Amino acid sequence: SGFTMHRSRDPFRKVVCLSFLFAVKTCCYEHLPAERVKDLAGKAECKDAGLYNQTCLLHNAIYDPSQDVFYLFVRRSQGSPEDVTDLAVALIGLPQEPVAVKIVPYDDDRELEEHISSRRLWSVLGLTVRFNALWHSNWAHGFFDGLYAAFVGLVKFGLQNEVYTTFVSLDSSLCPFDYRNAYLQTRFPACWVQEAYRLFGSVGDDAGVLLEQSHLKQDELIHFERIVLGAGGHGQYTSNVALPGSNTFFRFPYLPEGEGVPRLFVNRMYRAHGFPPLPARRNARDDRRHILKLRAANVEPFSAQERAAQKAAIVELSSDNHSGEVIDAEVINWEEIQPFRKQLEIIRDTDIFLSGPGTGQFYSLFLPDGAVQVNLGAQIVQHSPTFAEEMLGGSNANIRALYMHPKSVVRGYSKDEVISLVMQAVHAIRSGFEIPLANPKGERSSDHGYACHMRPTGQTSVSDLVFEFNTLLESGEPLSAACGLDLALLRQLKRAYGLKEALGVVEDCDCVVCATCGNMSAAK
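Residues numbered from 1 in each chain as written. Predicted model: local features only at pLDDT ≥ 70, side-chain atom pairs only at ≥ 80, totals over all residues. Heavy atoms only, no water.

**Student:** Residue-level account of the overall build of the chain, with values.
**Tutor:** Across its full length, the chain holds 15 helices and 19 strands. Looking at the chain as a whole, 57% of its 524 residues are labelled buried. Long-range contacts, defined as pairs at least 24 residues apart, comprise 72% of the intrachain contacts of the chain with a sequence gap of at least 6. Carbon and sulfur atoms make up 52% of the accessible area of the chain, which totals about 21800 Å². (Helix = DSSP H or I, 4+ residues; strand = E, 2+ residues; numbered from the N terminus. Buried < 20%, exposed > 50% of the residue type's maximum accessible area, 1.4 Å probe, protein only. Contact = heavy atoms within 4.5 Å. Areas by Shrake-Rupley, 256 points an atom, 1.4 Å probe, with all protein chains shown as cover.)

**Student:** Quick one: what's the story with the pattern of salt bridges, residue by residue and with numbers?
**Tutor:** Two side chains that carry opposite charge are able to pair once their charged atoms sit near each other. On inspection of all chains with the given rule, the structure shows 23 salt bridges. Residues Asp286 and Arg282 are paired through a salt bridge, measuring 3.4 Å at the closest nitrogen-oxygen approach. Measuring nitrogen to oxygen at the nearest pair gives 3.7 Å for the salt bridge that ties Arg295 to Glu330. Separated by 35 residues along the polypeptide, Arg295 in strand E13 (residues 292–297) and Glu330 in strand E14 (residues 327–332) bring together distant segments of the chain. Take Arg295: its relative accessible area is 8%, and that puts it in the buried class. Judged by its relative accessible area of 37%, Glu330 falls in the partly exposed class. Shared partners join several salt bridges into a network, and the residues in it are Arg288, Arg289, Lys293, Asp349 and Asp351. (Salt bridge = Lys/Arg side-chain N within 4 Å of Asp/Glu carboxyl O.)

**Student:** Before we move on, could you go through the state of the cysteines and cite the residues and values that matter?
**Tutor:** Linking two cysteines covalently through their sulfur atoms gives a disulfide. If you walk through the whole model with that rule in mind, you get four disulfides. Sulfur-sulfur distance for the disulfide between Cys46 and Cys56 comes to 2.1 Å. Measuring handedness by torsion sign, the sulfur bridge of Cys46 and Cys56 sits at about 110° and is right-handed. Here the residue Cys46 occupies a position in strand E4 (residues 43–47), and Cys56 occupies one in strand E5 (residues 55–64), the gap between them amounting to ten residues. By relative accessible area, Cys46 is classed as partly exposed at 29%. For Cys56, a relative accessible area of 0% gives the class buried. Across a sulfur-sulfur distance of 2.0 Å, Cys509 and Cys517 are joined as a disulfide pair. Judged by the torsion about the S-S bond (-80°), the Cys509/Cys517 disulfide is left-handed. The two residues Cys509 and Cys517 agree in class, both being buried. (Disulfide = S-S within 2.5 Å.)

**Student:** Explain the nonpolar core to me, and be specific about the residues and the numbers.
**Tutor:** Within soluble globular proteins, side chains that are nonpolar tend to cluster in buried spots. Counting 61 residues, the largest nonpolar core has Phe143, Phe144, Tyr197 and Phe366 as the members making the most contacts within it. Here this core gets eleven residues from one element, more than from any other, and that element is helix H3 (residues 139–156). Sequence-distant contacts of Phe143, that is, excluding residues within four places in its chain, are made with Tyr148, Trp192, Val193, Ala196, Tyr197, Met269 and Phe340. Core analysis: the second largest hydrophobic core is formed by 32 residues, Leu292, Leu294, Tyr413 and Ile429 among them. (Core = buried A, V, L, I, M, F, W, Y, C linked by side-chain atoms within 4.5 Å.)

**Student:** Just give me the short version of the packing of aromatic side chains, but keep the residues and values in it.
**Tutor:** Taken as a whole, this structure holds 29 aromatic pairs when the rule is applied. Note on Tyr63 and Phe224: the rings are 6.4 Å apart at their centroids and 65° apart in plane angle, and the pair reads as edge-to-face. On the criterion of sequence distance, the pair formed by Tyr63 in strand E5 and Phe224 in strand E12 (residues 220–229) is long-range, its members being 161 residues apart. For the pair formed by Tyr63 and Phe224, the shared burial category is buried. Of note, Arg130 hangs over the ring of Phe167, and the distance from its end group to the ring centre comes to 4.7 Å. The aromatic ring of Phe433 is capped on one face by Arg400, whose charged end is 5.8 Å from the ring centroid. (Phe/Tyr/Trp six-rings, centres within 6.5 Å; stacked < 30°, edge-to-face > 60°. Lys NZ or Arg CZ within 6 Å of the ring centre and 35° of its normal.)

**Student:** Any details on the confidence of the model for the chain? Residues and values, ideally.
**Tutor:** A residue-level look at the chain finds 78% of positions with pLDDT of 70 or above and a mean pLDDT of 80. Note that residues 79–83 has pLDDT below 50 and, in this model, five contacts with residues that lie over four places away or in other chains. Predicted confidence for residues 454–459 stays below pLDDT 50, and this span has 22 contacts to residues more than four positions away or in other chains. (pLDDT = per-residue confidence, 0-100.)

**Student:** Talk me through a nonpolar patch on the surface; I want residue IDs and the actual numbers.
**Tutor:** Together, Leu489, Leu493 and Tyr497 make up a nonpolar patch on the protein surface, roughly 350 Å² of accessible area in all. The residue Leu493 is located in helix H14 (residues 487–496) in this model. Accessibility expressed as a relative area gives 41% for Leu493, which makes it partly exposed. (Patch = residues over 30% accessible without salt bridge, like charges linked within 9 Å, V, L, I, M, F, W, Y side chains within 5 Å.)

**Student:** Report on the sheet that holds E13, specifying residues and quantitative values.
**Tutor:** With parallel pairing, the five strands of this open sheet are ordered in space as E14-E13-E15-E16-E19. Unpaired on one side and paired on the other, E14 and strand E19 (400–403) mark the two borders of the sheet. If you compare each strand with its neighbour and ignore which way they point, the axes differ by 20° on average. Pairing geometry for strand E16 (residues 372–375) and E19, over four bridges, is parallel. Across the sheet, Asn375 pairs through a bridge with Tyr403, a residue of E19. Each of E13, E14 and strand E15 (352–355) is contacted by helix H7 (residues 304–319), which is oriented at about 150° to E14, the strand it contacts most. (Pairing = 2+ DSSP bridges. Axes fitted to C-alpha atoms, helices over the stretch in contact; angles between N-to-C directions.)

**Student:** Give a description of the packing of H3 against helix H6 (residues 261–272) that names residues and reports values.
**Tutor:** Between H3 and H6, the least distance of the axes is 10 Å, while the angle of their chain directions is 110°. By the angle class used here, H3 and H6 are roughly perpendicular. Residues Phe143, Phe144, Leu147, Tyr148, Phe151, Val152 and Val155 of H3 form the contact with H6, whose participating residues are Val261, Pro262, Leu264, Phe265, Arg268 and Met269. Residue composition of the contact of H3 with H6, by class: twelve nonpolar, no polar and one charged. (Parallel < 35°, antiparallel > 145°, perpendicular 65-115°, else oblique. Nonpolar A, V, L, I, M, F, W, Y, C, P; charged D, E, K, R; others polar.)

**Student:** Describe in detail H6, supporting the description with residues and values.
**Tutor:** For the α-helix, the turn length of 3.6 residues means that residues three or four positions removed from each other point alike. Taking 1.5 Å of rise per residue, the twelve residues of H6 would be expected to cover 16 Å, and the 16 Å separating its terminal C-alpha atoms lies within 8% of that figure. Listed in full, the buried residues belonging to H6 are Val261, Pro262, Arg263, Leu264, Phe265, Val266, Asn267, Arg268, Met269, Tyr270 and Ala272. Of the surrounding elements, those touching the buried residues of H6 are H3, helix H5 (189–202) and helix H8 (340–347). Trailing H6 by a residue or two, Gly274 shows a phi angle of about 85°, which is positive. (Expected span 1.5 Å × (residues − 1).)

**Student:** Would you mind going over the pairing of E16 in detail, with residue names and values included?
**Tutor:** The side-chain alternation of E16 yields two buried faces, one formed by Val372 and Val374 and the other by Gln373 and Asn375. The sheet contact formed by E15 and E16 spans four bridges and is parallel. Each bridged residue has a counterpart across the sheet, and for Ile352 the counterpart in E16 is Val372.

**Student:** I'd like to hear about the packing of H7 against helix H10 (residues 415–431), residue by residue, with values.
**Tutor:** It is the contact of H7 with H10, at a shortest axis distance of 8 Å, that shows an interaxial angle of 55°. Put simply, H7 runs oblique to H10. Between H7 and H10 lies a crossing of right-handed hand. Contacts between H7 and H10 involve Ala309, Ala312, Ala313, Glu316 and Leu317 from the former and Lys415, Val418, Ile419, Val422 and Met423 from the latter. Tallied by class, the residues present in the contact of H7 with H10 amount to eight nonpolar, no polar and two charged. (Left-handed = near helix turned anticlockwise from the far one by under 90°.)

Structure representation (structure tokens):
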């Protein structure tokens, strides 16, 4: 029960509500007339490798909600060996069951009609994107495990600028009521994340549609005119140095040289919420105001000592003149700021962003050109520092990323150390570093995907590998093996670059410095 809706073919893809009983979270479709059944011959275009990072564009796919299966009806006279092979497409970069695409050959229109006449058939016109969302009550997971990965799939086919219907599988209990209700969005974060999914697909058109897989009627079939699915190896769970699609990872034929998918994603999100794309700067000094804005994210991994140091630093930076600089500094409790549009309004106007591990770091992708992200790190595993999602610094070539000294992270940094790092960020901006950065971080990512991601801190983190976090996976496989890490070479590099000396460690360790040897908390 719910809406009966019809989607028009105009460029803005308007949806007109004909009738409704009450507000629901799914949308229905136009009923497919019998005379159009002959137009349902299917076709699949797929790119990349199997269950790892394959994306498929299906034409005239018939979806069965009761089995979570897509069917492509292919006329035998038109079929090729590639066309008649069933597909299994991964929707997210985790070990989940892939969605099945089954090929059904037929000889004539009558046989095709017999295949689908047993159940009522609805049609979704235009382009649709299917993905899975996990833990979407946390927006960073909701965006960068599923939505971003699906967007990378769109870019493969040059469809990144098209409006589409969002078709998502998610845990509906995380937003148990109407996700579009503004009040509920302040109570249930998953609600505003779902609204962001819808707006992202429609690029801000309020008539945009979000289909939830679990809310579809099980006794009906759905025809998708065009649908893109398959985002397996394209999210944060399969990145170690940079998000897939970054300048430093791999390039797509549809994008200009130097254009990365993260910036396309960010600008589309801005447009979806009523903002223009981020303005381009040639260097960090361009069009820069006199008083710089610093915003600090209040995140969970910080200890009481770290929070006190940050608070004292923010107070001092806000009240004093440091080297001729007056800084507008403020700590932001992001969960208290709704709707999401207000968060975007803050971050796009930030010059220096202070954060630690976890969700807060993902705001750095939305910073304007020439901004600086300051990563304070955290000690989540005893005696070992982590900077968590450092790969975000390698995903945004338009900002600088600075990091607290690892020894200070383990020992517990002071107010003065926070202020010193912020002033380095100020100097970087005032010096006018060039944009984009020639090489924000590295040249390529690991190919080991989600297995390497399953580490104790729960993030994609190079620092966890450098310090050889010694946790075994559930399979019993050491983390270094899961990530394909050459430990001998890593330790050779740690010696060659003087990591032990830089951290003030005096203990002799086979690993040079790691989580189990080389206590940095005792280092001078």
